[in-house]
Amino acid sequence: MYRRKMKKASIDMSKITEFLNQLYVEKPLFPLVIPLLLVLWSIEKWVFNLSNWVPLAVAVWATVQYGSYRQRIVVQDLNKKWKQLILQTSPTTPLEHCEWLNKLLIEVWPNFISPKLSLKFSSIVEKRLKHRKTKLIERIELQEFSLGSCPPIFGMHGAQWSTAGDQRFIRMGFDWDTTDISIMLFTKLAKPMGTARIVVNNIHIKGDLLISPILDGKAVLYSFVSTPEVRIGVAFGSGGSQSLPATELPGVSSWLVKICNDTLNKTMVEPRRRCLALPPVDLRKKAVGGVLHVTVVSAGKLSRNSFKGSSTTTTTSDGYGYGQENHHDMGKDFHTFVEVELEDLTRRTLEVAGPNPTWDSTFNMLLHDDAGILKFNLYESCPDNVNYDHLASCEIKLRYCTDDSTIFWAVGEESGVIAKHAEFCGKEVEMVVPFESINSAKLKVKLTLKEWQFSDGLHTLSGSQLSSRGSLFGSTSNFQPRTGRKIYVTVVEGKELLEKDKSGKSYVKLQYGKTIQRTRGATNASQPSWTQKFEFEEISDGEYLKVKCYNEDIFGDENIGGARVNLEGLVDGVVRDVWIPLEKVKKGEVRLQIEAVTIDDYEGSKGSQGGLIELVLIEGRDLVAADIRGTSDPYVRVQYGNLKRRTKVMFKTLSPQWHQTFEFPDDGSLLALHVKDHNALLPTSSIGDCIVEYQRLAPNEMSDKWIPLQGVKRGEIHVQVTRKVPQLQKKVSDSESPSSRGHKISGQIKQMMMKIRSLIEDENLEEVSSSLTELESLHEVEEECIIQLETEQMLLLNKINELGQEIINSSPSLSRRSSSN
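As annotated in an unreviewed UniProt entry, the protein is C2 domain-containing protein from Lactuca virosa. In its Subcellular location (unreviewed entry) section, the UniProt record describing the protein reads: "Membrane".

See the structure below:
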């Protein structure tokens, strides 16, 4: 009896404690009221007697507060029961009409949605076509991409809201049948068919969409319920004609349909969903990459039966559990590890035993876009087997929002949604994600988006947003577009490039555009240190810096990993210090320091009338052996535009010495070197090629450099190149010449026009008016320079005529000839 009373008293005390805690949350000043009342009560009792109203007022107030608290508890319980009743009895709402949505879409599609989607999908189409060519097509380029002015139709037969667990989503039809689309592809066909243009002039996509709001409406997930019905109409032709029937290129239409279906299946068919962020703030920035730290913490509920079939599991208090029948079997024999995959970058944890492994491994990952998919593959490693058994996988997707936040989401249990929102870079997000098709196993990870990298928007200043993009397989011209800036890349050090038991020298090759640079070999192959600085000309067409690491070996250099570095968004004078993880290997990182510097334009940088290009071919080293005896007979064939020259042949050597000089008229042509092996009877064989960059050299300044050969494993050529401009003379006086002044003003006008364009996009009319006034003043100064140049030109011509007349008068033969005439 006494125990029952004590139990009842403890229950009452817990309720009182809960009530006081709730009261403290709602009324934070409540702790200050109680001491005040106690002070008043003590004054009344011991100093002088006021009245008995204080205890009465406290009692009434406490009664009212407790009554309101109990009423809120009852309302919350009723709402919870009502929600559960609605979800169980009516999980799907009646059909709702969507005419308003389609009418709104017709208004905003042509001028807003279609250009945005065209620009976004064009990059996706380029990537897919690059890797999915048919045997009939050797090369393909995307020349035009427009989704037209006819929008798709949503919910032709209505839309329905449904509920699965606590997640709500809407299901509606998607029907897009348009002939207004315009997608043009330029293809180089297999010999002897030549070239052709493929035009996608109509498209039909029909299916059912699932749209689910997440994060309190801050973002929307969307996907197709199943693979939609896709039909694509194509036309073929050459030049400006696209009237040939589709039978001219058999299988191309079905190939495009297959690419479209595969892309949809891999990106937006259940359970794979895409995300549309709806941020309240648009900072007008384009993210082109990011640095992500991924920590694989632990997993729970792992059992062999759960991966082979259903098993009875026991859930622990922390949300994890284990299979009851396998808990005693697994023990030390069950070793697992997780492989993290992001595009071509993969990393793996250590092997840990047990049904609830804890890895706690952190990896540095690079993202090359504003969105990505992190895939986690769970493997079992058997001690007696070299191969690993793949057990399960799960995915976490992330996307940049234009308010500088990041959204992470994944598919949860019973097709639910797990979503997290990082409001700023550096915030850690923790997610517990179930493995696909396995209800019992879960993976716990922590994600931290360290920084986002943004584009400087140089390539978006052109008139057409799509025409400025280059070819899928390199630029069709000899020279890639340059920005006038220099990129300085310092290869500092590396870590974990090789296993500790391996030895040898490791080096790094950097390729940016057509320029290739190489570091020296470092003795400590696992933790090498180079600290070598290289210079490149910045290319404005989104070119990646390619990094490749090698380990020197007697039987051939071993490739120990590579990576891509996006150089967009570099700020002048600001050094970007980053660790680059190597792709397609298990581990390894290289530290780079990257800096962009604007160089001043100089007169005659693109070629000069009467100027010459002087090329001195000095020597070569470490060339590949083309003969059976282990040597070569190298010579160099120099090609400058249509002009061709060649050096003498150096017999039986891999380190030839030529010391020959060639001169070409400076017309801006490509200067290429082709190193050949001489054969008296058989055809000559190539032992490497390279490009000599000279366009940005200052006039009359010699560049001495070693150029690595391309297309071979090793070999370098030592050259000296000079742009000779005999007519160029420097001004002795300190005053600025009108030509240099006009050139500087022209650059200022160009920068001002770019600034005005950005201000117009930002709708900043006040700044636009002031900038226009400044532009008018610059234009007036430019006109003054032009007038001054014309005056100097006229005076110079008069002086030339006077000098000519003096020469004629001083020569008797010329004077007699002029008088006879």
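Another point: the overall build of the protein. Check the secondary structure of the protein and you find 10 helices and 37 strands. By residue count, 40% of the 821 residues in the protein fall in the buried class. Once local pairs closer than 6 in sequence are excluded, the contacts in the protein between residues at least 24 apart make up 64%. Accessible area for the protein stands at about 47,200 Å²; split by element, carbon and sulfur atoms hold 54% of it.

On to the sheet that holds strand S33 (residues 657-665), then. With antiparallel pairing, four strands are arranged side by side in an open sheet as S33-S30-S37-S36. Since the sheet does not close on itself, it has two edges, and those belong to S33 and strand S36 (702-708), each with one partner. Averaged over all pairs of adjacent strands, the angle between their axes in this sheet comes to 20°, without regard to strand direction.

What follows covers the nonpolar core. Membership of the largest hydrophobic core comes to 40 residues, with the highest contact counts inside it found for Val340, Phe376, Ile396, Phe408, Met431 and Leu443. The element best represented in this core is strand S17 (residues 388-400), accounting for six residues. If near-sequence neighbours (up to four positions away) are discounted, Met431 is found in contact with Ile396, Phe408, Trp409, Ala410, Ile418, Lys420, Leu443, Lys444, Val445 and Leu447. The next biggest cluster of nonpolar side chains, apart from the first, holds 37 residues, and it includes Cys98, Leu105, Trp176 and Ile205.

Within strand S30 (residues 612-621), eight of the 10 residues are buried, leaving the element largely enclosed by the surrounding structure. In this sheet, S33 lies alongside S30 in antiparallel orientation, the contact comprising seven bridges. When the sheet's bridge partners are listed, Glu619 is paired in S33 with Gln657. Where S30 lies against strand S37 (residues 716-724), nine bridges are found, and the strand directions are antiparallel. Its bridge partner lying in S37, Leu615 is registered against Val721.

Structurally, the position occupied by Lys509 is in strand S23 (residues 506-512). The residues touching Lys509, leaving out its near neighbours within four places in the chain, are Gln517, Arg518, Lys546, Val547, Lys548, Tyr550 and Lys713.

Now for unusual backbone geometry. In this model, Glu496 sits at a positive phi of 55°, which is unusual for a non-glycine residue. Inspection of the secondary structure puts Glu496 in the loop between strand S22 (482-495) and S23. Residue Glu496 is classed as partly exposed on the basis of its relative accessible area of 41%. Although it is not a glycine, Lys584 adopts a positive phi angle of roughly 60°.

Attention now moves to the sheet that holds S23. By definition, the strands of a sheet pair up through backbone hydrogen bonds, in either a parallel or an antiparallel sense. Strand order in the open sheet formed by four strands is S24-S23-S26-S27, and the pairing between neighbours is antiparallel. Two strands in the sheet have a free side with no partner beyond their single neighbour: strand S24 (515-518) and strand S27 (558-566). Averaged over all pairs of adjacent strands, the angle between their axes in this sheet comes to 20°, without regard to strand direction. Sheet topology places strand S26 (residues 544-551) next to S27; seven bridges connect them, and they run antiparallel.

In this fold, Asn102 is placed in helix H4 (residues 99-131). The contacts of Asn102, once residues within four sequence positions are left out, are Pro152, Ile153 and Phe154.

Attention shifts here to the packing of aromatic side chains. Scanning the model with the defined rule gives 12 aromatic pairs in all. An angle of 40° between the planes, with centres 6.4 Å apart, marks the rings of Tyr66 and Tyr69 as tilted. Placement of the pair is Tyr66 and Tyr69 together in helix H3 (residues 53-89), with a separation of three residues, close to one helical turn. The partly exposed category is assigned to Tyr66, whose relative accessible area is 40%. Residue classification places Tyr69 among the buried residues on the basis of a relative accessible area of 7%. Members of the aromatic cluster, connected to one another through ring pairs, are Phe154, Phe174 and Phe224. Here the guanidinium or amino end of Arg518 rests over the ring plane of Tyr507, the centre of that ring lying 3.8 Å away.

A pair can form between side chains of opposite charge whenever their charged atoms are brought close. Scanning the entire structure with this criterion turns up 21 salt bridges. Between Arg591 and Asp577 there is a salt bridge, with the nearest N and O atoms lying 2.8 Å from each other. Taken together, the residues Arg591 in strand S29 (residues 589-598) and Asp577 in strand S28 (residues 576-581) connect sequence positions 14 residues apart. For Lys724, the salt bridge is made with Glu614, and the minimal N-O distance between the two is 2.7 Å. Residue Lys724 is found in strand S37, and its partner Glu614 is found in strand S30; the two are separated by 110 residues along the sequence. When its relative accessible area of 16% is taken as the criterion, Glu614 is described as buried. Shared partners join several salt bridges into a network, and the residues in it are Glu343, Arg564 and Glu583.

Here we come to the environment of Ile580. Residue placement: Ile580 occurs in strand S28. Spatially, the C-alpha atom of Ile580 lies 9.1 Å from that of Val547, the residues being 33 residues apart in sequence. Not counting residues within four places of it along the chain, the set of residues in contact with Ile580 comprises Leu366, Ala563, Val565, Gly588, Glu589, Val590 and Leu592.

Right, let's get into the confidence of the model for the protein. In this model, the protein carries an average pLDDT of 75, and 74% of its residues clear a pLDDT of 70 or more. The low-confidence segment residues 309-329 (pLDDT under 50) makes 44 contacts with residues lying over four places distant or belonging to another chain.

Moving on, we get to a nonpolar patch on the surface. A cluster of nonpolar side chains, Leu36, Val39, Leu40 and Ile43, forms an exposed patch at the surface whose accessible area comes to about 300 Å². Inspection of the secondary structure puts Val39 in helix H2 (residues 30-47). Judged by its relative accessible area of 43%, Val39 falls in the partly exposed class.

Taken together, Glu776, Glu780, Glu783 and Glu784 make up a surface patch of like negative charges. Tracing the backbone through its elements, the reader meets Glu783 in helix H9 (residues 765-810).

As a further point, take the environment of Thr406. Relative to the helices and strands, Thr406 resides in strand S18 (residues 406-411). Residue class for Thr406 comes out buried when judged on its relative accessible area of 2%. Separated by 42 residues in the primary sequence, Thr406 and Thr448 place their C-alpha atoms 9.8 Å from one another. Setting aside chain neighbours within four positions, we find Thr406 in contact with Leu398, Arg399, Lys420, His421, Ala422, Leu449 and Trp452. At 3.0 Å, the side chain of Thr406 forms a polar contact with the side chain of Trp452.

Calculation criteria
- Residues numbered from 1 in each chain as written.
- Predicted model: local features only at pLDDT ≥ 70, side-chain atom pairs only at ≥ 80, totals over all residues.
- Heavy atoms only, no water.
- UniProt positions renumbered as here; feature names shortened; annotations may be inferred.
- Helix = DSSP H or I, 4+ residues; strand = E, 2+ residues; numbered from the N terminus.
- Buried < 20%, exposed > 50% of the residue type's maximum accessible area, 1.4 Å probe, protein only.
- Contact = heavy atoms within 4.5 Å.
- Areas by Shrake-Rupley, 256 points an atom, 1.4 Å probe, with all protein chains shown as cover.
- Pairing = 2+ DSSP bridges.
- Axes fitted to C-alpha atoms, helices over the stretch in contact; angles between N-to-C directions.
- Core = buried A, V, L, I, M, F, W, Y, C linked by side-chain atoms within 4.5 Å.
- Phe/Tyr/Trp six-rings, centres within 6.5 Å; stacked < 30°, edge-to-face > 60°.
- Lys NZ or Arg CZ within 6 Å of the ring centre and 35° of its normal.
- Salt bridge = Lys/Arg side-chain N within 4 Å of Asp/Glu carboxyl O.
- pLDDT = per-residue confidence, 0-100.
- Patch = residues over 30% accessible without salt bridge, like charges linked within 9 Å, V, L, I, M, F, W, Y side chains within 5 Å.
- Lys, Arg positive; Asp, Glu negative; His and termini not counted.
- Charge placed at Lys NZ, Arg CZ, Asp CG, Glu CD.
- Polar contact = N/O pair within 3.5 Å; in protein donor to acceptor, adjacent residues only side chain to side chain.

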